[in-house]
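For reference, the chains in residue letters:
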Amino acid sequence: MKNNVPILKYLRRHSVCDWGDVDDDEWLKNNDAVDSSQPIISIYKFNDTKIFIITEADRTATTMRLADDC
């Protein structure tokens, strides 16, 4: 765990279509993206850190980044 972030917890949420702290429009876009060739972006807050999880449109990779890593 980098910075004590429970990485698997947030990857599990992302994998079950819990997109975290995105607005309603982004939530709907992600739901649509599950069945199409669009990227899926989840945002979670952990303590004072934002966690971004991005699954590529072609589903070849999923990346997790902390806001301070960007």
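A few points on the structure.

The rules we used
- Residues numbered from 1 in each chain as written.
- Predicted model: local features only at pLDDT ≥ 70, side-chain atom pairs only at ≥ 80, totals over all residues.
- Heavy atoms only, no water.
- Pairing = 2+ DSSP bridges.
- Helix = DSSP H or I, 4+ residues; strand = E, 2+ residues; numbered from the N terminus.
- Axes fitted to C-alpha atoms, helices over the stretch in contact; angles between N-to-C directions.
- Contact = heavy atoms within 4.5 Å.
- Salt bridge = Lys/Arg side-chain N within 4 Å of Asp/Glu carboxyl O.
- Buried < 20%, exposed > 50% of the residue type's maximum accessible area, 1.4 Å probe, protein only.

### Regarding the sheet that holds strand 2 (residues 49-55)
Here is step 1: Within the open sheet, the 3 strands sit side by side as 1-2-3. Their pairing is antiparallel. Of all the strands in the sheet, the pair left with one neighbour each is strand 1 (40-46) and strand 3 (62-66). Geometrically, the sheet is characterised by an average inter-axis angle of 15 degrees between neighbouring strands, direction not taken into account.
Here is step 2: Looking at chain direction, strand 1 and strand 2 are connected through 7 bridges and run antiparallel. Paired with Lys45 across the bridge in strand 2 is Lys50.
Here is step 3: Of the strands in this sheet, strand 1, strand 2 and strand 3 are in contact with helix 1 (residues 7-15), which crosses strand 1 at around 140 degrees.

### Side note on the pattern of salt bridges
Here is step 1: Evaluation of the coordinates by the stated rule reveals 2 salt bridges.
Here is step 2: For Asp18, the salt bridge is made with Arg13, and the minimal N-O distance between the two is 2.8 Å.
Here is step 3: Relative accessible area serves as the criterion here: at 26%, Arg13 is assigned to the partly exposed category.
Here is step 4: In this structure, Glu26 engages Lys29 in a salt bridge whose closest nitrogen and oxygen atoms are separated by 3.3 Å. Here Lys29 and Glu26 lie together in helix 2 (residues 24-33), a separation of 3 residues that amounts to about one turn.

### Some details on unusual backbone geometry
Most peptide bonds take the trans form, and the phi angle of most residues other than glycine is negative.
Here is step 1: A positive phi is found at Cys17, a non-glycine position, where the angle reads about 65 degrees.
Here is step 2: You can see Cys17 is positioned in the loop between helix 1 and helix 2.
Here is step 3: Residue Asn47 is not a glycine yet carries a positive backbone phi of 55 degrees.
Here is step 4: Relative to the assigned elements, Asn47 resides in the loop between strand 1 and strand 2.
Here is step 5: The class of Asn47 is exposed, set by a relative accessible area of 68%.

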